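Here are the chains, one letter per residue:
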Amino acid sequence: MNTNFIPFPDLQTDRLLLRRLDKNDCIQLQELRSDEKVNRYLKRPKSIAIDECEAFVKKIDGNLNDGIGAYWIIAQKTDNTLIGTVCLWNFSIENETVDLGYELSPAYQGQGIMYETVEKVIAYAFNTMQAKTILALTHPDNEGSLNVLKRNNFQQDVNYQYVSEEDAEGDVVYFLLAETK
């Protein structure tokens, strides 16, 4: 499985640019990560303070350099301003699996943006990284996330063959196999 992200793989769709996080994104990232609607179903601290953002950018850069995670900013091509994020992480080289994570500002939800984003990142994971399986965990009440996964052909892992029920911690596990995409 290819986990080399140097140079960083900027991705594009018709409407969107998926690009590398940098310190100029800190204000928008802090707003996104402190939004109650965004955090409603996530198991993480409710925000990242502006003064902590540069350390977060360095952590993400380290993950990229070490080949252990890829983290994109979702921006509209018209203004290049952060409206969400998407990442591939928790790589298992031996199982050829990656985990998918994402978040989107409520002002942009319901417009097909995350569907479009996930579709592009799936293609990258399978075609460039050569992953065989993409996993995604989401809260069972997060209808928006469930819809994104289902529209992108993810299947529910009802038998917990990829992530144990205990490790899922109440989340629903979805998977997508390369040969079914």
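Preceding block: the structure.
This write-up is about the structure you can find in this document. (Residues numbered from 1 in each chain as written. Predicted model: local features only at pLDDT ≥ 70, side-chain atom pairs only at ≥ 80, totals over all residues. Heavy atoms only, no water.)

## Brief notes about the state of the cysteines
Applying the stated criterion across every chain, the model contains 1 disulfide. No disulfide involves Cys 87; its sulfur sits 15 Å from that of Cys 53, the nearest cysteine. In this structure Cys 87 comes out as buried when scored by relative accessible area, which is 16%. (Disulfide = S-S within 2.5 Å. Buried < 20%, exposed > 50% of the residue type's maximum accessible area, 1.4 Å probe, protein only.)

## Re the pairing of strand β2 (residues 16-20)
Of all 5 residues making up β2, 4 are buried, and the element is well covered by its neighbours. The pairing of strand β1 (residues 11-12) with β2 spans 2 bridges and is antiparallel. Following the sheet pairing, Leu 11 is matched in β2 by Leu 18. The pairing of β2 with strand β3 (residues 69-76) spans 5 bridges and is antiparallel. What sits directly across from Arg 20, in β3, is Trp 72. (Helix = DSSP H or I, 4+ residues; strand = E, 2+ residues; numbered from the N terminus. Pairing = 2+ DSSP bridges.)

## Some points on helix α4 (residues 113-128)
Given a rise of 1.5 Å per residue, 16 residues ought to cover 22 Å, and the 22 Å separating the end C-alpha atoms of α4 matches this to within 8%. Along α4, the positions that sit buried rather than exposed are Ile 113, Met 114, Glu 116, Thr 117, Val 118, Val 121, Ile 122, Tyr 124, Ala 125 and Phe 126. Just downstream of α4 lies Gln 130, where phi reads positive at about 65°. (Expected span 1.5 Å × (residues − 1).)

## Thoughts on the packing of helix α1 (residues 26-33) against helix α3 (residues 50-66)
Orientation of α1 relative to α3, taken along the N-to-C sense of each, is 105°, at an axis distance of 9 Å. With respect to each other, α1 and α3 are oriented roughly perpendicular. The segment α1 lies against α3, with Cys 26, Ile 27, Leu 29, Gln 30 and Arg 33 engaging Ile 50, Cys 53, Glu 54, Phe 56 and Val 57. By residue class, the composition of the contact of α1 with α3 is 7 nonpolar, 1 polar and 2 charged. (Axes fitted to C-alpha atoms, helices over the stretch in contact; angles between N-to-C directions. Parallel < 35°, antiparallel > 145°, perpendicular 65-115°, else oblique. Contact = heavy atoms within 4.5 Å. Nonpolar A, V, L, I, M, F, W, Y, C, P; charged D, E, K, R; others polar.)

## Focus on the packing of aromatic side chains
Tallied over the full model, the rule gives 5 aromatic pairs. Considering the side-chain rings of Phe 56 and Tyr 71, the 5.7 Å spacing of their centres and the 80° angle between planes classify their relative orientation as edge-to-face. In this pair, Phe 56 is assigned in helix α3 and Tyr 71 in strand β3, connecting sequence segments 15 residues apart. Like Phe 56, the residue Tyr 71 is buried in the burial classification. A ring pair is formed by Trp 72 and Tyr 124, whose centres lie 5.5 Å apart and whose planes are at 80°; its orientation type is edge-to-face. With Trp 72 in strand β3 and Tyr 124 in helix α4, the pair connects residues that are 52 residues apart, well separated along the chain. (Phe/Tyr/Trp six-rings, centres within 6.5 Å; stacked < 30°, edge-to-face > 60°.)

## Quick look at the sheet that holds strand β4 (residues 82-92)
Spatially, β1-β2-β3-β4-β5-β6-β8-β7 is the arrangement adopted by the 8 strands of the open sheet, whose pairing is mixed. Strand pairing shows two members of the sheet lacking a second neighbour, β1 and β7 (155-156), which therefore form its edges. Two strands pair when backbone bridges link them, and strand β6 (residues 133-138) and strand β8 (residues 172-177) are joined in this way by 6 bridges, in the antiparallel orientation. Bridge assignment links Leu 135 to a residue of β8, and that residue is Phe 175. Packing of α3 onto the sheet brings it into contact with β2 and β3, and relative to β3 it is tilted by some 120°.

## Quick word on the side chain of Thr 117
When you line up the elements, Thr 117 lands in helix α4. Look past the residues within four positions of Thr 117 in its chain and what remains in contact with it is Leu 16, Leu 18, Ile 74 and Val 86.

What is shown is where atoms sit, not what they do.
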